[in-house]
There are 6 protein chains.
Amino acid sequence: MPAVRIQVINPNTSLAMTETIGAAARAVAAPGTEILAVCPSAGVPSIEGHFDEAIAAVGVLEQIKAGRQQGVDGHVIACFGDPGLLAARELAQGPVVGIAEAAMHMATLVATRFSIVTTLPRTLIIARHLLHQYGFHDRCAALHAIDLPVLALEDGSGLAQEKVRARCIQALKEDGCGAIVLGCGGMADLAQELTRELRVPVIDGVSAAVKMVESLVALGLSTSKHGDLAFPEAKALSGQFQALNPF
Amino acid sequence: MPAVRIQVINPNTSLAMTETIGAAARAVAAPGTEILAVCPSAGVPSIEGHFDEAIAAVGVLEQIKAGRQQGVDGHVIACFGDPGLLAARELAQGPVVGIAEAAMHMATLVATRFSIVTTLPRTLIIARHLLHQYGFHDRCAALHAIDLPVLALEDGSGLAQEKVRARCIQALKEDGCGAIVLGCGGMADLAQELTRELRVPVIDGVSAAVKMVESLVALGLSTSKHGDLAFPEAKALSGQFQALNPF
Amino acid sequence: MPAVRIQVINPNTSLAMTETIGAAARAVAAPGTEILAVCPSAGVPSIEGHFDEAIAAVGVLEQIKAGRQQGVDGHVIACFGDPGLLAARELAQGPVVGIAEAAMHMATLVATRFSIVTTLPRTLIIARHLLHQYGFHDRCAALHAIDLPVLALEDGSGLAQEKVRARCIQALKEDGCGAIVLGCGGMADLAQELTRELRVPVIDGVSAAVKMVESLVALGLSTSKHGDLAFPEAKALSGQFQALNPF
Amino acid sequence: MPAVRIQVINPNTSLAMTETIGAAARAVAAPGTEILAVCPSAGVPSIEGHFDEAIAAVGVLEQIKAGRQQGVDGHVIACFGDPGLLAARELAQGPVVGIAEAAMHMATLVATRFSIVTTLPRTLIIARHLLHQYGFHDRCAALHAIDLPVLALEDGSGLAQEKVRARCIQALKEDGCGAIVLGCGGMADLAQELTRELRVPVIDGVSAAVKMVESLVALGLSTSKHGDLAFPEAKALSGQFQALNPF
Amino acid sequence: MPAVRIQVINPNTSLAMTETIGAAARAVAAPGTEILAVCPSAGVPSIEGHFDEAIAAVGVLEQIKAGRQQGVDGHVIACFGDPGLLAARELAQGPVVGIAEAAMHMATLVATRFSIVTTLPRTLIIARHLLHQYGFHDRCAALHAIDLPVLALEDGSGLAQEKVRARCIQALKEDGCGAIVLGCGGMADLAQELTRELRVPVIDGVSAAVKMVESLVALGLSTSKHGDLAFPEAKALSGQFQALNPF
Amino acid sequence: MPAVRIQVINPNTSLAMTETIGAAARAVAAPGTEILAVCPSAGVPSIEGHFDEAIAAVGVLEQIKAGRQQGVDGHVIACFGDPGLLAARELAQGPVVGIAEAAMHMATLVATRFSIVTTLPRTLIIARHLLHQYGFHDRCAALHAIDLPVLALEDGSGLAQEKVRARCIQALKEDGCGAIVLGCGGMADLAQELTRELRVPVIDGVSAAVKMVESLVALGLSTSKHGDLAFPEAKALSGQFQALNPF
């Protein structure tokens, strides 16, 4: 029986991407860690804006509740916008880590400044807001979009992957950055290869978040229930949301 | 037939609060403005944390879609955390204004610094994050909570109202602020009376947001569809979210 | 008799520009609003730097005093540097809104980021300082100057107008912004046409400020006299400034 | 004949304060420096708000012009709000230094954090804005007001001086600061004695600014005329402002 | 043979504290991790200011060089000021993590805001600077000092430990924080017990940093050698510093 | 006998650069000021990164101690990274000023924004951090590196000097800055000539810092010993650091 069980939640409904993410998580998990890669049964097939995020956040909460019932030790939210992060922390017993925050935290430990490479230009504003919210605004040298939708990463053509690679190379030449953060859960499988090829840290949030959760669990640190991340107030949820009732 | 129709969305499911909010909106609406006060058919009865907000955001989006189908000219999100604001802006054709941002904007026009009085202490972090996000962090002198839940404002006892009043008076004495922002949609009916009694601007976001939307409509300014608030990408929503499909 | 009287102060002495500004104000004023477009009897013919602003601020104060004596309900300072804004708020009884702040506030409600297009490059620093002061620094994608003086907007050639238009188009292509703020009171007549042509919000501060003052008046919100915007301390003004005596 | 002539401008019209300020300036001036202590012929007898500042700024500009005609080498603006500073820099040939900025700069060189002690509470907002504008916001531990008007410093009773001293002592005990900045030109004569008594740097802006101007002159550094502090655009000033015409 | 070897550098020369730190590191190290707890052979017995830090930084560099020669996989700098962190990153091949940054990063993952409890008041400024540098300034609710020197933690009396405990309890009551960061490497042994007793995350940087380094190593992420953390330029070090020569 | 003795510490061991720096200091020193230009007996021949800075900081402290024993009135740290500044302030009795801070302070007095021209690209991060630390981040228009090592300034070819000049010219054309800060102590001899040629303030930190220290001494202002810059705690330094013992 494994010592630590980590639930990795892909907030979109793409099974292919859930698999990519699960594989990336398992590739770095410690020997004693079991990865449960899941996605919501309903929602959006990919997340490329605030509307998509708002829908995905509910799916994240459903999975958090399910994970808690299964007694998992911690949770990863595997979409670069960290949708529903604070709501998930209220609902969860164990630690919850988003892949954007995990990747950004890690990047600040190995470089003075990093650049971000993501998918559609319209998602840049989400990364920008997170940089401010997490305090890393001055650590980000530049943000780049390859101008392809998220699911292009799963179309098997390799085009999106090649565009990511090209953008990383350009960023290293022009931005004055020392590391690259990959801005999409669907890029999780690219990080190690690019790190080797480009000889700089190219950071994927999925694997970073798994190690963060493992670390928090090992340290006995859980989401604080003192103050503003306490369990949600007890109240009657109605309609489709009844299933979310935390009690 | 009215010239301008504004949909005022109470993101929680409390009908009493929806009425309070609707009345406050109508009290300040221009002669040619019709107010449609609505709330989601399903969700949370009050919003006091990130978990509640995540659920409420979906209800907000459903109402935005309904309002758009009814051809309303603009939308107000009438909960002090402005839940789902950017998602709603993606989905909407017309302008969308949150009551927290509206109140804060107005406060900066009549005082150098303002204080906020809200309900439960755990909601303070939400106000704090909005202050940062909107750029008003240095304009807020202090944040206060009366330590009663949102629905205490609707229990008819007047206790919550009295606590709000007492906190406003204390804030004016101690904070070095020139105005008060009321931090809950359920306090909408208190602003005018307190403004008169305390002889400083006491600002309710519901009425502030209605005037903001009226202003934007009069100026012909709508949510920009150029760039990151463009309509959501076309994609197949599944399960309970199919109804949200914007197309 | 009109319900609301708003004094729109052009801080420079150009009568042509006062007319442009007055017309823009009237074009958006509510049915019950009367616009009093005025300018100082003495001062600078255009405002293109801090020196000009310091002189214009005194003219603004003289007009505020006059407006107060006429019992106007609120005031607009119609120069993009918002000269004398806080001094005017001390002197005024009703609300005072600057066109730079009004335009910037409005812009943040319809776009995540906006760009500014103004006249001479040397005025950019004034806009830059206001962005910081108002908390909108991170919301501004870029600042542009057409490199023509303010009064070129009144020379009838249309050259300045064409340059503004070209800069707006370029900004939308390159800046990653969703809206444009026009950075000069003399551009007030361009906003609606450009909004229609470019299909993004192009925001003029004069009309924005008129709606803001109307809104504040409708809400019963006036400049706070509690604390640092209280009426000026009673003291003997001497020389040319005696006329400014507020008492 | 002296090598360096520095014009010290008291922006209010109090002759007593002009003398206090002049004496403080002369007490620290280098052997080769001549101090010209002046004040406007018309304006406000003391400066305790934005309204007073706006009036005083014009007086500052008149004196800058006069000083320039007399060929002075540099200028000090001796009021803690630094009224008209950027306008004065446009108009001047030589360097212009405000006493608030000078004191704050000096304080950051001798302590990690400083506190400010000033006169009326309503002037605190001015100091607060300058701290932001100059980038010293995080260096200021606390702001204090003795709640007496500026001219109380000149009433001969010593009450204001005693209150300043008491506040400095309290600040050192409670604020976690290492130095005190005196927040009024009228306190210029207190700094040296308090520095000796309290054994921490108590900094007066008048003397600090004189040394700053001496330093800039010695280094051959003058206000940059490249860009946004260039001489004002040539234009016809009208009425009472004609005398300000820089050309 | 262990898979991962982490060098934990106590920057002061106290052997007792080196042992405390080493024990805390080993208590959380993964099965495959070997901890090498070391301290400089020369330097300061405790670190309580910038002077102490400057000396300690050289000792850190000597140990980094030694560790690199021994082929360790990563390094921890186990003093809450993170002395010499960026210099160490230049010199190191593998990742280097400071205990202040590690603790602060972890705290932001389990609470919206944290408080810091440290030793002497004079060290607060160091924590304050780090909060700004790392971007966590707005995440820190308050900083507290128990007003005992670092080595009081090693005197066996338990007094310092009791004071830390009391301060944590007070902070949780008054600060509005959800977690506590212990601000000294010498407090490493207190975290787990306090976490259990106070039922909130009480975070020790030593154990946090060990998990961070383990995570970085597992992810194949090393200090970026592209740009400003590249190995030091080749140059002849002289005198006592010759031993530091990295080549 | 001179009235004021200022110790100018070149933190690297290059005698040629120490001479350049000493000459620049003497060129601006007041008649009554004696300059003692020194450098550490051991350390790094030039400073181009954090590793070099950490070593140089110890040399700075040794010189501060020596200067204090010689009874100098103040100290200048003549390397653009201001290495060891706060440690030096703890150790010193008189004021200590770094050349980066001095140059930046001066620049803000004569221009709204300045650009920095320095040597190797890898030193840019140090300037960037100082801008944040000192609060001048928003005042810096751009940072430039000529991509030559520090010692190229002493090779007699004039190549580095020519590159500095070219970069200054380009910066003035493109950055929107009004002044240039030279980002290396070894450029001290270029400032006056470039100021004359380019007709904008080109600021060298060495001369700026000398005037700052002269000013502080004249004002009777010394490093505050109240709070966090108090003399180092008394403790037994060991090994090579025994000589640094301040007592």
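See the structure shown above.
What counts and what doesn't
Residues numbered from 1 in each chain as written. Chains lettered and ligands numbered in written order. Predicted model: local features only at pLDDT ≥ 70, side-chain atom pairs only at ≥ 80, totals over all residues. Heavy atoms only, no water. Axes fitted to C-alpha atoms, helices over the stretch in contact; angles between N-to-C directions. Helix = DSSP H or I, 4+ residues; strand = E, 2+ residues; numbered from the N terminus. Parallel < 35°, antiparallel > 145°, perpendicular 65-115°, else oblique. Contact = heavy atoms within 4.5 Å. Nonpolar A, V, L, I, M, F, W, Y, C, P; charged D, E, K, R; others polar. Buried < 20%, exposed > 50% of the residue type's maximum accessible area, 1.4 Å probe, protein only. Buried area = accessible area lost by both parts, 1.4 Å probe. Salt bridge = Lys/Arg side-chain N within 4 Å of Asp/Glu carboxyl O. Pairing = 2+ DSSP bridges. Least-squares fit on C-alpha atoms with pLDDT ≥ 70 in both.

Student: Mind laying out the packing of helix α4 (residues 99-110) of chain A against helix α4 (residues 99-110) of chain E, listing which residues take part and the relevant values?
Tutor: Close contact between α4(A) and α4(E) brings their axes to 12 Å; oriented N to C, the two are set at 175°. Compared by their axis directions, α4(A) and α4(E) come out roughly antiparallel. In this structure, α4(A) uses A:E101, A:H105, A:T108 and A:L109 to contact α4(E), whose residues at the interface are E:E101, E:H105, E:T108 and E:L109. Partitioning the contact of α4(A) with α4(E) into residue classes produces 2 nonpolar, 4 polar and 2 charged.

Student: Quick one: what's the story with helix α5 (residues 124-134) of chain F, residue by residue and with numbers?
Tutor: Listed in full, the buried residues belonging to α5(F) are F:L124, F:I125, F:I126, F:A127, F:L130, F:L131 and F:Y134. At its buried positions, α5(F) is contacted by α2 (50-69), α3 (85-91), α4 (99-110), β5 (114-118) and β6 (140-145) of chain F.

Student: Now, about the interface of chain B and chain A: what can you tell me, with residues and values included?
Tutor: Listed by partner, the interface residues are 41 residues for chain B and 41 residues for chain A. Of the roughly 3,500 Å² buried where chain B meets chain A, counting both sides, 62% is carbon and sulfur surface. Among the ionic pairs, B:D52 bridges to A:K235, the shortest N-O distance being 2.7 Å. Looking at the side of chain B that touches chain A element by element, the count peaks at 8 residues for helix α2 (residues 50-69) of chain B.

Student: Kindly report on the sheet that holds strand β8 (residues 202-204) of chain A, identifying the contributing residues and their values.
Tutor: All names here are of chain A. Read from one edge of the open sheet, 4 strands run β6-β5-β7-β8, paired in parallel fashion. In this open sheet, the two strands that pair with only one neighbour each are β6 (140-145) and β8. Across the sheet, the mean angle from the axis of one strand to that of its neighbour is 25°, orientation sign disregarded. Here strand β5 (residues 114-118) runs beside β6; their pairing, made up of 5 bridges, is parallel. Within β6, the residue paired with I116 across the bridge is L143.

Student: Can you explain the relation of the copies chain B and chain A? Please cite residues and give values.
Tutor: With an RMSD of 0.0 Å, the fit of chain B onto chain A corresponds to turning through 180° and sliding 0.0 Å along the axis. The transformation just described matches what one would write down for a two-fold rotation axis.

Student: Could you give an account of the environment of A:V217, with specific residues and numbers?
Tutor: Residues and elements named next belong to chain A. Position of V217 relative to the elements: it lies in helix α8 (residues 205-218). Among the residues examined, V217 registers a relative accessible area of 23% and is labelled partly exposed. V217 sits 212 residues away from R5 along the chain, and the two C-alpha atoms are 9.8 Å apart.

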